[in-house]
Every structure is written in C-alpha cells, then in structure tokens.
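# Close look at the chain arrangement
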Amino acid sequence: LTESTNPAATDTTGGQEKTPPVGLLPGETVVKEGKAAILFPSANEVFYNPVQEFNRDLTCAVITEFARDLLAQRGVKVVVPGEKERVVVSLSEETNEAEVQAEEKNGAEEPAVTATAGEKCERGLRVLEGLAASGLRSVRFALEVPGLQSVTANDFSTKAAALIARNAQYNGVSHLLQASCRDASMLMYEMRGKKERYDVIDLDPYGSPASFLDAAVQAVSEGGLLCVTCTDMAVMAGNSGETCYSKYGSVSIKAKYCHEMALRIILHSLDQRAGVYQRYIQPLLSVSVDFYIRVFVRVFTGQATVKNSASKQALVYNCVGCGSFHFQRMGRRTSNGKHMKYSAATGPPVGPECEHCGQRHQLGGPIWAEPIHDLAFVQKVLSGVSGNPSRFGTSKRIEGMLSMVTEELEDVPLYYTVDSLSSTIHCNTPPLLQFRSALLHAGHRVSLSHACKNAIKTDAPPAAIWDIMRCWVNIKKIPESFLETLTVLSACFTVREDANPQSRKRHLTRFQENPQAFWGPKARAKVGGGILTDLQDKRKKCQNKRKNQITDSSQLKSFPCKRFRQGTCTHGEKCSYSHDLEQPNEEKME
C-alpha cells in the first residue's frame, strides 16, 4: 500500500480542495488505513503493525459510542458519516404536533450542537494516546471519531514524535492532534488534577502495559474510558506465572482457558491499582485476539463501591489431571437491609485431591470474577458497526466477534474445551452441538466464547460435565477410555434448536484469519533503524535448517564452534566444529 500523493490534496468531502502541507522524504512510503494516510520510513525506526487494524477499528467504534453517550449529557449530538438517522415514532398525531412545537421552541431558545469527525468540539472529549509510535491511531481518531476536543499523541522517541507531527500535517488534523515527546507515565502523573484529566486514555505498548497502569487510572477523568492492550501473552497465558505476578499481581495458569484468564488478570490489576486511589472500574468490553488482548473500562470514584473489590476477585483451583476448575472468592459481602456487611471468605472449595481424577490442584489468580462485558454497551457498538459496514475495513470481523460476545454467559468465568475433555479420557470428541444439547437437556446454561473456537462456557458443575462424558463413552462403547463407569446423570445428545447460536447459524466471521505471511507480533523498533525485510529473511533462512540431519561428522566443520568463541574449547584442531571466526554469515546459516 504505497501512494505518492497526499490525501489532503484529493479530499473533497468538505467541498474544498486542500494543498499538501508536507512532502515525502527519501525512503518514505505512505500507508493507508481507514481515512488516514501515514508517512512511514522504510527503516524500522518507528513501530507499526498492520495486523492491528482490527484493534484500531474496534477502538474507533468503541470511542464513538462512548462519545455519543457522554456528549449527549453535555447537549452535543454526535454525527457519524454514513450512519442512518434514528427516527422516533409517535403514537398519535396530537402528540406528534406537540413534540414538533416543543422542539421548535427549544431550538429557538438553545440551538442544537452537533459534532462531526475531523472538526474540533469545544465540549468534546480530550484523548491521550500514551505510546503513539507513528501516530496512526491518533490520526484515525481525529479523522473518524466525532466529538473530540483534542488528541494528544505521545511517544518517548524523538523520531516518533517528529513523525507524528508530520503525519498530523499530512492528514490535515493539526488543529486537533498535538504531538508530544514525553515519558508516558510522567505525562499522565502531571495530568492527575480533576480539571486536567483526559476523557479517554489509550495504551498500546510493545509488550506489557504494567508500568503505565498506575498513572493511567489516576489521569483518566470521572467516568472516563481507559483502553489497554497487552501483547505479552506468553506471560499472561501461564508460561511464567511468577513474572505475571510481579507485573499484574496475579499468578497465571497454563490451561485451555488461558486467553480469558488473561483478560481477567488485567482487569484485576486495573481494579487493584484504581482501588488505591478510591477508584473502581466498570468493564465495557474485553476481547482476546490471538497474540494480544484488549480491554475497555470506565473508571469511577467511590469509597463505598471500592469496598466491593475484594468480593469481585477470586482464586482459581485448577486440576492438573482432568482440567476441572473451582473458584474461591477473596472476600464476602452480604446485604443486611440498607447496609452491606463485609467479611472474610470461607474455603477452600476443593479437597486435597480432585474428586474426579485424584490429581492435585494448581492455584492461580486472583482474577476478576465479575462480568467482563457491558452487554448494553456492546449492543450499541454492534449496532453502529453493522448499520454502517463501509466505515471500517474489518467491519465483518468486528460484527462477528461482538455477536459472540453478546451471546456469552456473562456471569460464568472461564470455559472448558471439548477436545481437552475428550483427550483427558482418551475418547473421540463429541460434536459441539451434541455436547451443548446434552448440557441444555440437563437443565444447564451454555454458550460459546469469543476467546476460543471450541470453548464451552456453562454453569454446570464439573461433576455434571464428566457425567455427560461418561454417557458419551458408554454410548460409543469406547474400550480405551477409563471413565466406563455408572453415571448419576443420563445424558441426552439429541441436537436442540437453541444449541446452535445465531452467530454460528449466520456464518459470521468470528475468529482471526491469517491476513498475510509473518502476521504475528512484529520486531521492536530500533533506534538506529533496521530494514524490516531482514527479520523475514532471517526467519526464512532458519526455517527447517535441521530438517536434513547431519550424518557425516565432516559436515560439522561448516558450523562455528561456540566454545571457541567463548575461549573454552580444549579440543584444538581435533574439534569437529570450525574455529574460523571470519566465516561469512551465509555459510554459517547453511
């Protein structure tokens, strides 16, 4: 995607042509996404990941609906291009005439204020992108999100800050977007005053956002929106539980539900840090997308509500044998008339060994155990995206994912996967619809999860789930399974109509499709720059380099001796590896 012309020169949406304010420097290309066109250097001096387009599209959609709700309280109407007008239907002609007269009277006294994308709104939102890199996200906010007063795009890199300023001029949004070259945490700490706080703060770092969360929960306004991305999924998915605890105050577990657990870990961390300042969070939308997670929360202040925080967190007891899990709330609250009584929680919910397989339990958490979505808000975002599909390049996928989110059981944390249940008892996997139908026939609720393709979220206890699996084993007469025992529950696997959710029936795009080669996390930006293709060339060279195993020891002479480089090789000329330090890189890779 390269262009040599400035979009501002050909933009006629305002009825007037604009002259290009800046030109391209040697080696620069133009990357187009949404309505933005970003100047991007060929060297890897400023970070940019094209696969995050879904993240940026979803953020624009969420902030638009947030602005619509918040600015309506300030007397401002948000206008989105391409969106159909909402029509209010009256029941009678008399009521209609009265409403028209009232509207005309109100309009004469106080004219309605409208906010459109690309224009500054004095009563609008103040937005901060703490780690802006090229400024693409901030430029898209300025061009696509209506009702903004200002957008601050900050980055600690001087080259990134200079590029942000040029991109703001190139897209004609300098009146809305200001570039900043500051430490993100210090910038947010300085804006902690009630009159200086930002209405929206967006944090999308390379890796963990843990070091910015404390400043963020203080710098966001009352009822403001905090958008956080985490790309350190290896830590949050259980590969390094002790590192996860040091960053987020929670121990991660390597389990099938690790992606949703990662969402609940970051929500726990945000709520814990906000509680220090007598603030609490209200999750609006939390999504897990392959190698990263994204959460949108509102932050409020209230000492009484902060006391509920302990009862919203829970420890997770996970069986290492069969994968059954149980929750232990950190606190307990009971209603006593008009008053709320708080006490210590009782437990544990499990014995020394798993009652189903006899194995031990792992202890993870604490995690956020309350709903991770606000379904009413998610429905507004879904209606806005589905009603205006041409607005975003990833509209179909946003519609599919949000449709799944609205179908999830909001009061059921974590999930099982059908393939892991089958793997545990060494049997073939039951069809998804049949397993869901069996749970419904047994009187339990069940749903899918946007975080995993074959996930099962259900309020059924583990005993009921394993009873259903025993029935499946007995029906199929699978001899190698060790669960061929009598069951308490007689499962019915007849497929029910309500077992297949609407998002699945409509064949919506619900999960990530590989958009391009090497589409995962990109390399970190370097100060001196570095050609992006070098990383891809290195990956290609390293692929399958041990596919043809070396059988002749004489071939080892083409590989350098690591001990010789360190000065510890004692074999001398008898060493099977090469001691030639000036061996070219291409020969080393072969």
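Structure's up top.
Quick caveat, the model's predicted, so the values are computed rather than measured. (Residues numbered from 1 in each chain as written. Predicted model: local features only at pLDDT ≥ 70, side-chain atom pairs only at ≥ 80, totals over all residues. Heavy atoms only, no water.)

## Some details on the packing of helix α2 (residues 53-72) against helix α14 (residues 395-407)
What counts is decided by this rule: Between N-to-C directions, angles cover 0 to 180 degrees, with each direction set by a line fitted to C-alpha atoms, over the stretch in contact for helices. Segments assigned H or I by DSSP are reported as helices when at least four residues long, segments assigned E as strands when at least two residues long, and all are numbered from the N terminus. Should an angle fall under 35 degrees it is called roughly parallel, over 145 degrees roughly antiparallel, and 65 to 115 degrees roughly perpendicular, with every other angle called oblique. Whether two residues are in contact is decided by their heavy atoms: any pair within 4.5 Å suffices.
Running from N to C, α2 and α14 cross one another at 70°; their axes reach a closest spacing of 10 Å. Taken together, the axis directions place α2 and α14 in an arrangement best described as roughly perpendicular. Here Phe54, Asp57 and Leu58 of α2 come into contact with α14, specifically with Arg397, Ile398, Met401 and Leu402.

## A look at the pairing of strand β16 (residues 361-368)
Applied cut-off: The buried label goes to any residue with under 20% of its type's maximum accessible area, the exposed label to any with over 50%, and the partly exposed label to all in between, with areas taken from a 1.4 Å probe on protein chains only. Here the rule is simple: two strands pair whenever DSSP picks up at least two bridges between them.
Of all eight residues that make up β16, six are buried, and the element is covered over most of its length. Pairing between strand β12 (residues 313-319) and β16: six bridges, direction antiparallel. Opposite Asn318, over in β16, you have Gln362 as the bridge partner.

## Notes on the packing of aromatic side chains
Test applied: Between rings of Phe, Tyr and Trp, where Trp is taken as its six-membered ring, a pair exists when centres lie within 6.5 Å; planes separated by under 30 degrees are stacked, by over 60 edge-to-face, and by other angles tilted. Remark: a charge is flagged as sitting over a ring if the NZ atom of Lys or the CZ atom of Arg is within 6 Å of the ring centre and within 35 degrees of the ring normal.
Scanning the model with the defined rule gives six aromatic pairs in all. Here Tyr280 and Phe300 contribute two aromatic rings whose centre-to-centre distance is 5.8 Å and whose plane-to-plane angle is 25°, an arrangement assigned as stacked. On the criterion of sequence distance, the pair formed by Tyr280 in strand β10 (residues 279-289) and Phe300 in strand β11 (residues 292-301) is long-range, its members being 20 residues apart. What links up through ring pairs into an aromatic cluster is the set Tyr257, Phe325, Phe327 and Tyr416. Cation over ring: Arg126 sits above Tyr198, and NZ or CZ is 4.7 Å from the ring centre. Taking the ring centre of Phe54 as reference, the NZ or CZ of Arg397 above it sits at 3.9 Å.

## Remarks on helix α16 (residues 432-441)
The element α16 is extensively covered by neighbouring structure, given that seven of its 10 residues are classed as buried. Burial in α16 covers these residues: Leu432, Phe435, Arg436, Ser437, Ala438, Leu439 and Leu440. Once α16 finishes, Gly443 follows within two positions and takes phi at roughly 90°, a positive value.

## Some thoughts on the sheet that holds strand β13 (residues 325-329)
Ordered in space as β13-β12-β16, the three strands form an open sheet in which the pairing is antiparallel. The strands lining the two open edges of the sheet, one partner per strand, are β13 and β16. Each strand axis lies, on average, 25° off the axis of its neighbour in the sheet, ignoring direction. By the bridge criterion, five bridges tie β12 to β13 in an arrangement that is antiparallel. Counterpart to Leu315 in the pairing with β13 is Gln328. Seen against the sheet, helix α10 (residues 258-275) touches β12 and β16 and runs at an angle of roughly 55° to β16.

## As for the pairing of strand β5 (residues 120-129)
We count it as follows: Consider the strands pointing away from the viewer: the crossover is right-handed when the path from the first strand over the helix to the second runs clockwise.
Pairing of β5 with strand β6 (residues 148-154), which is carried by six bridges, proceeds in the parallel orientation. In the strand pairing of β6, Arg126 is matched with Ser150. Tracing the backbone out of β5, into helix α4 (residues 136-144) and back to the parallel element β6 gives a crossover that is right-handed. Direction of pairing for β5 relative to strand β8 (residues 198-203): parallel, over a ladder of three bridges. Across the sheet, residue Val127 finds its bridge partner in β8, namely Val200.

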